[in-house]
Amino acid sequence: MSKQLLHAYHSHIVVAALNSHAYAIVANSKCTKSTDASGASSDGSVVYELMAPLSPAPSTQSKKKAKKDTAGDDARAIDVKKGDDSAKTDDGAVSNEEIQSVCCTEINSRIWMAVSREDKTLSLFCIRSDVQSSVESDDDTGAKQLRPVAVYTMPKRARSLAFSCIPTYVPNGNDCHVIVAGDLSGDAIAFPIPKESTVDS
């Protein structure tokens with residue numbers, strides 16, 4: 001099955017995914033290259049880990065299944081907390097957090113990133129374009145963790161994502177920016193990009 005696990009916007013934004021982890025590398029044009037005491041070179045780029053959305057409340061069917069296998073669920077939860085790179089559960093099934101597609105763009109001085117997962121969720125992430133290289137990392141990987149600013153539930157798994165703009169022909173009107181999610185059956189659904197006023201920078 002084809003997946004869109006690497007996407008770049010111009011030459012300063014790259015989003016890459018493997019199994020259940022996604023990372024964005026954003027080049028900071030205001031920073032110059034530097035070398036630390038060990039001789040390692042740094043170009044001022046900032047790395048973000050695009051975190052999975054918080055799990056929604058389980059449905060009635062999943063609650064029944066959870067009662068039968070609470071020990072297995074606890075074991076899988078521990079693996080995720082430890083940062084297990086495997087996208088499969090103990091019984092060989094594909095994890096609900098396995099990434100299907102990623103995408104990125106820049107809209108009105110904000111960088112937008114999208115991640116679709118096996119559980120049919122579409123997560124949107126947003127940062128300002130003038131990111132600072134001095135941000136502190138949240139873990140030992142050196143990446144700063146980002147939580148989604150919006151999460152959509154899709155009827156099918158999206159294997160392809162693309163940002164798009166719907167122009168308005170109304171005088172002084174604002175264009176509508178959307179994220180288009182496509183699945184393997186050929187269907188595509190457009191979801192709105194949240195207004196800048198609702199996004200916490």
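Before going into details, it helps to say that this report is about the structure given with it. (Residues numbered from 1 in each chain as written. Predicted model: local features only at pLDDT ≥ 70, side-chain atom pairs only at ≥ 80, totals over all residues. Heavy atoms only, no water.)

1. Some details on the overall build of the chain
Applied cut-off: Here a helix means four or more residues in a row that DSSP labels H or I, a strand means two or more in a row labelled E, and each is numbered from the N terminus. Burial classes follow relative accessibility: with a 1.4 Å probe on protein chains only, a residue under 20% of its type's maximum area counts as buried, one over 50% as exposed, and anything between as partly exposed. Every residue pair with non-hydrogen atoms within 4.5 Å of one another is taken to be in contact. Calculation of accessible area relied on Shrake-Rupley with a 1.4 Å probe; when residues are assessed, cover is drawn exclusively from the protein chains displayed.
Summing up its helical and strand segments, the chain has two helices and 14 strands in all. Of all 201 residues assigned to the chain, the portion counted as buried reaches 32%. For the chain, the share of sequence-separated contacts (at least 6 apart) that also reach a separation of at least 24 residues comes to 55%. Surface accessibility of the chain: about 12,300 Å² in total, with carbon and sulfur atoms responsible for 51%.

2. Brief notes about the sheet that holds strand β10 (residues 144-146)
Condition: In this scheme, strands are said to pair when DSSP sees at least two bridges between them. Axis definition: a line fitted to C-alpha atoms, limited for helices to the stretch in contact. Angles are taken between N-to-C directions and run from 0 to 180 degrees.
The strand order across the open sheet formed by five strands is β1-β2-β3-β6-β10, and the pairing between neighbours is mixed. The open sheet has two edge strands, β1 (6-9) and β10, and neither has a second partner. Between one strand axis and the next, the sheet turns through 25° on average, direction left out of account. Strand direction decides the pairing type here: strand β3 (residues 21-26) and strand β6 (residues 46-50), joined by four bridges, are antiparallel.

3. Considerations on the pairing of strand β9 (residues 121-128)
Counting buried positions over the eight residues of β9 gives seven, a clear majority of the element. With seven bridges joining them, strand β8 (residues 110-117) and β9 adopt antiparallel strand pairing. Across the sheet, the residue bridging to M113 is F125, located in β9. Hairpin connection of β8 to β9: three residues between the antiparallel strands, including K120 at a positive phi of 70°. In this sheet, strand β11 (residues 150-153) lies alongside β9 in antiparallel orientation, the contact comprising four bridges. Within β11, the position partnered with S123 by the bridge is V151.

4. As for the nonpolar core
This is how the line gets drawn: As used in this record, nonpolar core signifies buried Ala, Val, Leu, Ile, Met, Phe, Trp, Tyr and Cys residues forming a set joined through side-chain atoms within 4.5 Å.
If you look at the biggest cluster of nonpolar residues, it comprises 18 residues, and the most contacted ones within it are V15, Y48, L50, M113, V115, I127 and L146. Every residue in contact with V115, bar those within four places of it in the chain, is listed here: A22, L50, I99, S101, V102, T121, L122, S123, F125 and L161. Judged by nonpolar contacts, the second largest core, of 17 residues, contains A114, L124, A150 and L161.

5. What about unusual backbone geometry?
In this structure, N19 is a non-glycine residue whose phi angle is positive, near 55°. Summarising the element assignment, N19 is placed in the loop between β2 (13-18) and β3. Positive phi, close to 50°, is recorded for N108, a residue that is not glycine.

6. Considerations on the environment of M113
By secondary structure assignment, the location of M113 is in strand β8. A relative accessible area of 0% means that M113 is categorised as buried. Separated by 98 residues in the primary sequence, M113 and V15 have C-alpha atoms spaced 7.7 Å apart.

7. Points about the pairing of β2
Here β2 shows one buried face, formed by I13, V15 and A17, and one open face, formed by V14, A16 and L18. In this structure, the hairpin formed by β1 and β2 is closed by a connection of three residues, where H10 is found at a positive phi of approximately 50°. In this sheet, β3 lies alongside β2 in antiparallel orientation, the contact comprising six bridges. Note that in β3 the partner of V14 across the bridge is I25.

8. Digging into the side chain of R117
We apply this condition: Neither His nor the chain termini are counted; the positive set is Lys and Arg, and the negative set is Asp and Glu. Should a side-chain nitrogen of Lys or Arg be within 4 Å of a carboxyl oxygen of Asp or Glu, the pair is scored as a salt bridge.
Inspection of the secondary structure puts R117 in strand β8. It turns out R117 is buried and unbridged, and the closest side chain with the opposite charge, E97, is 4.9 Å from it. Once you skip the residues sitting within four places of it in the chain, R117 turns out to touch S20, L50, M51, A52, P53, N96, E97, E98, I99, Q100 and R157.

9. A closer look at the sheet that holds strand β7 (residues 99-107)
Read across the sheet, four strands follow the order β7-β8-β9-β11 without closing on themselves; strand pairing throughout is antiparallel. A single partner strand is all that each edge strand has here, and the edge strands are β7 and β11. The average angle at which neighbouring strand axes cross in this sheet is 15°, direction not considered.

10. What to know about a nonpolar patch on the surface
The criterion, for reference: Surface patches are drawn from residues lacking salt bridges whose relative accessible area is over 30%; two like charges belong together within 9 Å, two nonpolar side chains (Val, Leu, Ile, Met, Phe, Trp, Tyr) within 5 Å.
Together, L6, V14, I25 and V47 line one region of the surface with nonpolar side chains, adding up to about 310 Å² of accessible area. Along the chain, the position of V47 falls in strand β6. Using a relative accessible area of 30% as the deciding quantity, one classes V47 as partly exposed.

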